[in-house]
Amino acid sequence: MKRYLLFIILLVNLSFIFLSCQKKKEEKIMGSWQYVYLTDVNNTIQNWTFIEHNKFIKTIKTDTLISDTADWKLTVEALSATTLKITGVNEWTDGTYEVLTLNKKYLIIQRIMLSSGSSDGAFNRMEFVKSN
């Protein structure tokens, strides 16, 4: 009986730790991230901003300003990769991304699935630096 009670207490503690990890990752991703271009693209600046209520704003500034809004969802599962799902921007951005790096300075994601659910042709690696 004591072992059973100890197992229950351990299981409850692990679930609280898991939930706090998801909350911490959601807090880290909030804010604006500037896309890092591999080559100079005519002074183009692209920002992804993650805001409350799982809203997402993508802005691209060149001579003009293009802005799109969409939804995002961060999924943290035990023993598997953290994923970021973007929906509602366009076919080149929407999809499920594996979060490779997420800390105070850098966000590196890699698309693993298109919004249609297909993984064929889904590869898209993006690197960002925190801009605020």
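Residues numbered from 1 in each chain as written. Predicted model: local features only at pLDDT ≥ 70, side-chain atom pairs only at ≥ 80, totals over all residues. Heavy atoms only, no water.

Caption draft 1: Representation of the overall build of the chain within the structure. Scanning the chain from N- to C-terminus turns up one helix and eight strands. Sorting the 132 residues of the chain into buried and exposed places 30% on the buried side. Sequence-distant contacts, at least 24 apart, represent 31% of the contacts inside the chain between residues at least 6 apart. With the model as given, the accessible surface of the chain reaches about 9,200 Å², and the carbon-plus-sulfur share is 58%. (Helix = DSSP H or I, 4+ residues; strand = E, 2+ residues; numbered from the N terminus. Buried < 20%, exposed > 50% of the residue type's maximum accessible area, 1.4 Å probe, protein only. Contact = heavy atoms within 4.5 Å. Areas by Shrake-Rupley, 256 points an atom, 1.4 Å probe, with all protein chains shown as cover.)

Caption draft 2: Representation of the pattern of salt bridges in the model. Scanning the entire structure with this criterion turns up two salt bridges. Between E127 and R125 there is a salt bridge, with the nearest N and O atoms lying 3.3 Å from each other. (Salt bridge = Lys/Arg side-chain N within 4 Å of Asp/Glu carboxyl O.)

Caption draft 3: Representation of the pairing of strand 2 (residues 45-51) within the structure. Counting buried positions along strand 2 gives five out of seven residues, so the element sits mostly inside the fold. If you look at the hairpin formed by strand 2 and strand 3 (residues 55-61), you'll find three residues sitting between the two strands, and H53 has a positive phi there, around 60°. (Pairing = 2+ DSSP bridges.)

Caption draft 4: Region of the structure containing the packing of aromatic side chains. On inspection of all chains with the given rule, the structure shows seven aromatic pairs. Ring centres 5.6 Å apart and planes at 65° place the aromatic pair Y35 and F128 in the edge-to-face group. Of this pair, Y35 sits in strand 1 (residues 31-35) while F128 sits in strand 8 (residues 124-130), placing them 93 residues apart in sequence. Judged on exposure class, the residue Y35 and its partner F128 are both buried. Between the aromatic rings of F50 and F56, the centroid separation amounts to 5.2 Å while the plane-to-plane angle is 45°, which identifies the pairing as tilted. In this structure F56 comes out as buried when scored by relative accessible area, which is 1%. (Phe/Tyr/Trp six-rings, centres within 6.5 Å; stacked < 30°, edge-to-face > 60°.)

Caption draft 5: Structural detail: the nonpolar core. One finds I29, W48, F50, L84, I86, L107 and I109 to be the most contacted residues of the largest nonpolar core, which totals 19 residues. Going through the elements one at a time, strand 1, strand 2, strand 4 (65-75), strand 5 (83-87), strand 6 (95-102), strand 7 (106-113) and strand 8 are the ones with two or more residues in this core. Sequence-distant contacts of L107, defined by excluding residues within four places in its chain, comprise I29, W33, F50, V99, T101, L102, M126, E127 and F128. (Core = buried A, V, L, I, M, F, W, Y, C linked by side-chain atoms within 4.5 Å.)

Caption draft 6: Structural view of the environment of K28. Assignment of secondary structure puts K28 in helix 1 (residues 2-29). K28 sits in the partly exposed class, given a relative accessible area of 38%. For the pair K28 and F50, spaced 22 residues apart in sequence, the C-alpha separation works out to 9.9 Å. Once residues lying within four places of it in the same chain are set aside, the contact partners of K28 are W33, L102, N103 and K130.

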